[in-house]
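Structural features, examined
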Amino acid sequence: MSDTAIRVEQLGKFYKIGAQKAKYKTFRDTLAHAAATPARMARSLFSRNGQAKTDDNTFWALKDISFEVKRGEVVGIIGRNGAGKSTLLKILSRITDPTTGFAEIHGRVGSLLEVGTGFHPELTGRENIYLNGAILGMSKADIERRFDEMVAFAEVEKFIDTPVKHYSSGMYLRLAFAVAAHLEPEILLVDEVLAVGDAQFQKKCLGKMGEVAKEGRTVLFVSHNMAAIDNLCSDVIVLCTGELAFKGKTSTGIEQYLSGLATAENSQVDLSLRNRPSWALPWIVDARVLNTEGKQQSNFGLGSDVTIELDFRTPNGEKLRRPVMGLVVNHSVRGTVGAINSLMTGFEPNKSEYSMGRIRCKISGTPFLQGLYTVDLWLGDGPRDVDTVTGALSFSIEATDIYGTGRSPFATLGIALIRASWEIEATRPVLVAHKD
Amino acid sequence: MTTVDPSIQATIPVIRIEPSRGWVSLKLKELWEYRELLYFLTWRDIKVRYKQTALGAAWAVLQPFMTMVVFSLFFGKLAQIPSDGLPYPIFSFAALVPWTFFAYGLSQSSNSLVGSANLIKKVYFPRLVVPISSILSGIVDFALSFVMLLVLMVYFGIFPTMNVIWLPALLLLAGVTSLGVGLWLSALNVEYRDVRYVIPFLTQFWMFATPIAYPSNLLPEFWRPIYALNPMVGVVEGFRWALLGTDTQPGPMIVASSLAALVLLVSGAFYFKRMEKNFADLV
């Protein structure tokens, strides 16, 4: 037999948006629907694939996906929100049915779409390990055999007989991940479980994932964390609005995905669609990245001056007394690079109230290496939070010949562009110098 | 949905995932493979049931007991409803014990899928496990109130007949009925939340269609097997006959009830399986 672990052929999943939005129907709707059924059935007899018609309130979450994963491969799945990554994993985990095509899975599957599924707050840590293990498909004997290992991994020895509702969120997560990490299927499907918890927890999880990968198990791994994908996966699958955009080497895939992001996000920023936390008032109305001439630009050379401009407007008579602009610069793969706001730098506005305004922040000689960066914007009134928009803007830094030598700094080594000057002098042996 | 093809390689199971249409097999073998999960889910329901209540498991006994007191006052004393020559309290309590098991199982299993939405959206397992475990978890409550029933019998000086050996079968009949209805309602509940509002009416209505407050011999002999198409008629009359020695001759009624319960269970299971693939998308 071949060494195929997963084979997917023309897989598609189709949703009626209506059914998703209005989560449940009522009998009345169905009765009305039933009256129209004979006609529809007659029609579907003549249409080639009755279920797969596309009209306004239907969409394909996945369309014509075909790929193959070999035994022992660790494959990352990347794509923007709504690209179909989770739907793909749900189909492969048999949680939901595909609409078209098929998938073949050779081996036992363990899927980890969430940590702590089925945890019950009233039960103790010990009881939850057994329950969660059973839910994830482990046998009682397996759980007993690896029980101590799990408890040690979670570092909750002392609280193992305490109901988990008294756990701190960190302990809870560690315990939940510990159970999942000790699953021993031949094929492991993992969805973005590393996105939770603090940095140390994430590091631990990543380490465990790395171990699993080295043990020769087949892993499909969905994540937005490019560094994790880059680190763990040999191959990636890039999904774009439900279709397979790329399957191949990780570095190429990530590059393609990021460049796709760049063109999609640079042109026009629609702040209304961006993620804002619930407390944010939508007072940031526009923003842009400018060059030194004040023109909009999205690609800059190493060390260029980059200006971020923010427009705010307050609704019906409200005022900003002390507008403060803040920004967080994130590297698309390696995470947050740094943050700054006008308050901390001692910048004071020149009027006592504003209802509309434009704040510019000029970063002279950006200290960033080549790569893609996103900017989170923040607007405050003095120390008070008013609005924040994550990933509002993005720009890229291109490797330019900043040193005039034809060589550029290594993009793979860190994120900071180090400015340095050098000196050299010839020295004599220390002992000799001493005698002088 | 999915089929396991064992012919390709003995050691590595191959699962084929494809769209399913229409009626599908029940896959009882797979359900058997997941019996440990069934055990753990049942165990969880039992463990969690009376957490953070002051009276704890006493509720299991109090609920049917208080109903019995109310029934004895209004139906027994005021309305003077006949009770097969038995003291009214024991007459109604012997019926309320299996009835409470049935009604609890019915409402728990009907709400079980919606209640386990998180599990269903994130993990694969045969969904039948969910309603089954919620019925099984009622057995502990049943056992507790059954002990209460025995105490009452001793109090009234009534001793069970040899027919008590039929009790497990009668309990099974109650469980099967409860599961049959629960399968239909839980699958419907995923799509139509109306079911949630129907359940209280249904159990109340069903309670009066079952000879709990009155004896079934108020009906003419000829109509009794038809009346017993309500499977709980067979269960309740069977309980009284086996424990209290009523001379109601429940044989034909129990046969009719068992047939009706079986039809409910099988149709419910197939309907459930047919709807199963949509659960994760709709729940």
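First, a word on scope: everything that follows refers to the structure included in this document.

Quick notes on the side chain of Lys273 of chain B
Its location among the elements puts Lys273 of chain B in helix 12 (residues 251-282). Discounting residues that sit within four places of it in the chain, Lys273 of chain B has contacts with Val24, Ser25, Leu26, Lys27 and Leu128 of chain B.

Regarding the interface of chain A and chain B
If you look at the interface, chain A gives 46 residues, while chain B gives 42 residues. Across the chain A to chain B interface the summed buried area is about 4,400 Å²; carbon plus sulfur atoms make up 59%. Taken together, the connections running from chain A to chain B amount to four salt bridges. Note that Asp281 of chain B and Lys13 of chain A form a salt bridge whose closest N and O atoms lie 2.9 Å from each other. Counting the contacts that link chain A with chain B gives 12 residue pairs in polar contact (both at pLDDT 80 or more). Listing elements by their share of the side of chain A that touches chain B, those giving two or more residues are strand 1 (4-16), helix 2 (27-46), helix 3 (85-92), strand 4 (100-106) and helix 4 (125-135) of chain A. Looking at the side of chain A that touches chain B element by element, the count peaks at seven residues for strand 4 of chain A. When grouped by side-chain class, the residues that make up the side of chain A that touches chain B number 18 nonpolar, 14 polar and 14 charged. Here strand 4 of chain A runs beside strand 2 (residues 14-17) of chain B; their pairing, made up of four bridges, is antiparallel. Note that in strand 2 of chain B the partner of Glu104 of chain A across the bridge is Arg16 of chain B.

A short note on the pattern of salt bridges
Residues and elements named next belong to chain A. In total, this model carries 33 salt bridges over all chains according to the counting rule given. One salt bridge connects Asp235 with Lys247, and the closest N-O pair in it is separated by 3.7 Å. Taken together, the positions of Asp235 in strand 8 (residues 235-240) and Lys247 in strand 9 (residues 243-249) put the pair 12 residues apart, joining distant regions of the chain. Owing to a relative accessible area of 16%, Asp235 belongs among the buried residues under this scheme. The exposure class assigned to Lys247 is partly exposed, which follows from its relative accessible area of 30%. Of the charged contacts, one joins Arg358 and Glu309 as a salt bridge, the two residues approaching to 3.7 Å between their closest N and O atoms. Remark: Glu309 occurs in strand 12 (residues 306-313) and Arg358 occurs in strand 15 (residues 356-363); sequence separation between them is 49 residues. By sharing partners, the salt bridges in this structure join Asp286, Arg288, Glu309, Asp311, Arg358 and Arg360 into a single network.

Looking at the sheet that holds strand 16 (residues 371-381) of chain A
Residues and elements named next belong to chain A. Read across the open sheet, the five strands follow the order 11-17-16-13-14; overall the sheet is mixed. Pairing within the sheet leaves two strands with one partner each, and these edge strands are strand 11 (299-301) and strand 14 (335-341). Neighbour to neighbour, the strand axes of the sheet diverge by 30 degrees on average, direction disregarded. Pairing of strand 16 with strand 17 (residues 384-398), which is carried by 10 bridges, proceeds in the antiparallel orientation.

So, how was this worked out
- Residues numbered from 1 in each chain as written.
- Chains lettered and ligands numbered in written order.
- Predicted model: local features only at pLDDT ≥ 70, side-chain atom pairs only at ≥ 80, totals over all residues.
- Heavy atoms only, no water.
- Helix = DSSP H or I, 4+ residues; strand = E, 2+ residues; numbered from the N terminus.
- Contact = heavy atoms within 4.5 Å.
- Buried area = accessible area lost by both parts, 1.4 Å probe.
- Salt bridge = Lys/Arg side-chain N within 4 Å of Asp/Glu carboxyl O.
- Polar contact = N/O pair within 3.5 Å; in protein donor to acceptor, adjacent residues only side chain to side chain.
- Nonpolar A, V, L, I, M, F, W, Y, C, P; charged D, E, K, R; others polar.
- Pairing = 2+ DSSP bridges.
- Buried < 20%, exposed > 50% of the residue type's maximum accessible area, 1.4 Å probe, protein only.
- Axes fitted to C-alpha atoms, helices over the stretch in contact; angles between N-to-C directions.

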